[in-house]
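Examination of the molecular architecture
This is what each chain is made of:
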Amino acid sequence: MRRVDFSRPGGGGAWRQGARQMTLPGRPSGSIAFVDGTLRSTARGRGVRCAFTSVVLKARSAARKWLAACERDEPGKDGTSDCLVLTRMLLRELDFTMQSFDQHLKGPVGFAGDKEDIRSVPEDPFHRVENTTTQTKSIARMQEQSREIWGRSARGSGQPSVKAYPGSLPNRRGVEFTTDIKPMPGSAPNEARWYWEWCAGVQLRHKAGEDFACISVITFTNGQP
Amino acid sequence: MTVRVLKYEPDVDVVPQAIIWRPLRYCTLVIREGQDDLDRYNGASFAIGNDLRFDLRVYQGHIHAEVTVTLYLAEDVRDEKNVSEIVSRVTNAMAIPVSAIAWRRGQKFQFGKLVRSPQDRLRESEARVLVLKIAASQPERSATIGKLREEIPRYFDLSPADKARSPSRKNEALWQIILRNTISSHKTGARTIFAQGWARKTPSGLKVTRRGMDYLNSIGFLETPSSDLSETE
């Protein structure tokens, strides 16, 4: 099993690529892992609230440092590109966990020791169709390169969101993608939305003085070359 | 509760809160084209009283786009109970039967999957308003029975139950019997379109009256000032 040590640039975790798990030593201890596409976080130690916060903070700090170090080097040089993708996924989840920690405490993790927080990850594809403003050919190229999809606020709204149709790209020009970020709330059977702050894992980006919601994609097909 | 058609699009973000298994043209003829970050759409904006604004839209990529319309509310309407009450208020005010709601906020769903209620089929109460809508969209606000038969499938997605053969008239489907009963002059009762003064019989079908047009305006289907019609109509 290949082992990539988070502690190389600093921090105290270990990432085992085969198991897709980061274990955190010390007290309180715990682990953050992807198991069959699901993020599981386990906290152990005195007082689960405290332990969980510590585990998440430790994991985030370790993952950030490791990621920064890897990105400074040539990605993929050590065969670490898969690991980079997974680490980005992990960071997104951890960022969200901290953002909504109050809410998280109300969930099962906050009250019972050694319990796991399991969130399922959607596997079905989504698509966006080409338009002349927010889904142009050049934007599709940027999405393909960055593996990210951005969405701005709708008119009159201060809440940026990414919008897409569920399902595979039909007979239209556009892009198709999968993501591990759940498109809730505000979604419907015929429309998926990822709002920054309201959806787990959605990140905020700034460009030219404007805020964008951003989701990372796992797979991406550019159907508007 | 009168539904008013609004000329302008909402100046806030709107969120899908219900999907109705009826085409947009069934709900309104005041349709405009628009575009946002998701895609191009056909839609209309409405208000009920001073407190409720909503949009009906069909995006090009929506599933079952030909036969469904999606109800959007402002993004600050988030409480599920409140949303559910608003959806009921809207469908009631627009004379849309409850069975036509294929999904509403609070119901579990799977992306890309939408199931029509098995109870949803053309019933006489709905057919009364439907024939009125179709006739009102024709020249002179008149329609023959033949024209109504031709147009109904464009306004209403006939279900297998609607298309089933009538047990009494083997050469006709159930929806055709419903249509026949709806505009039958033999039919009596306070709720027929003729008794309510919404339409009058013509030798080959019906003609919508000024009162009928007022009714269609009040449910958001039209936006025709009554003053455009003469008193006698």
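Of all hydrophobic cores here, the largest spans 62 residues; its most connected members are Ile20(B), Leu71(B), Val131(B), Leu132(B), Ala135(B), Leu179(B) and Leu216(B). At eight residues, the largest contribution of residues to this core is made by helix α3 (residues 124–136) of chain B. Residues in contact with Leu179(B), not counting those within four places in the same chain, are Ala127(B), Val131(B), Leu148(B), Arg149(B) and Ile152(B). Within the second largest apolar cluster, 24 residues are counted, among which are Val162(A), Ile181(A), Cys199(A) and Val202(A).

Buried accessible area, meaning the area lost when the parts come together, often serves as the stated size of an interface. Residues and elements named next belong to chain B. Partitioning chain B into domains gives domain 1 (3–104) and domain 2 (124–228). Centre-to-centre separation of domain 1 and domain 2, based on C-alpha positions: 24 Å. Contacts between the two partners involve 15 residues from domain 1, matched on the other side by twelve residues from domain 2. Elements represented by at least two residues in the side of domain 1 that touches domain 2 include exactly β1 (3–6) and α1 (24–27). When the residues that make up the side of domain 1 that touches domain 2 are grouped by side-chain class, the tally is 13 nonpolar, one polar and one charged.

This brings us to the interface of chain B and chain A. Counting residues at the interface gives 23 residues for chain B, matched by 21 residues for chain A. It is strand β2 (residues 14–20) of chain B that contributes the most residues to the side of chain B that touches chain A, three residues altogether. Considered class by class, the residues forming the side of chain B that touches chain A number ten nonpolar, six polar and seven charged.

Cut-offs applied
Residues numbered from 1 in each chain as written. Chains lettered and ligands numbered in written order. Predicted model: local features only at pLDDT ≥ 70, side-chain atom pairs only at ≥ 80, totals over all residues. Core = buried A, V, L, I, M, F, W, Y, C linked by C-beta atoms within 7 Å. Buried ≥ 20, exposed ≤ 12 C-beta atoms within 10 Å, placed from the backbone. Helix = DSSP H or I, 4+ residues; strand = E, 2+ residues; numbered from the N terminus. Contact = placed C-beta atoms within 7 Å. Domains from an automatic or database assignment. Nonpolar A, V, L, I, M, F, W, Y, C, P; charged D, E, K, R; others polar.

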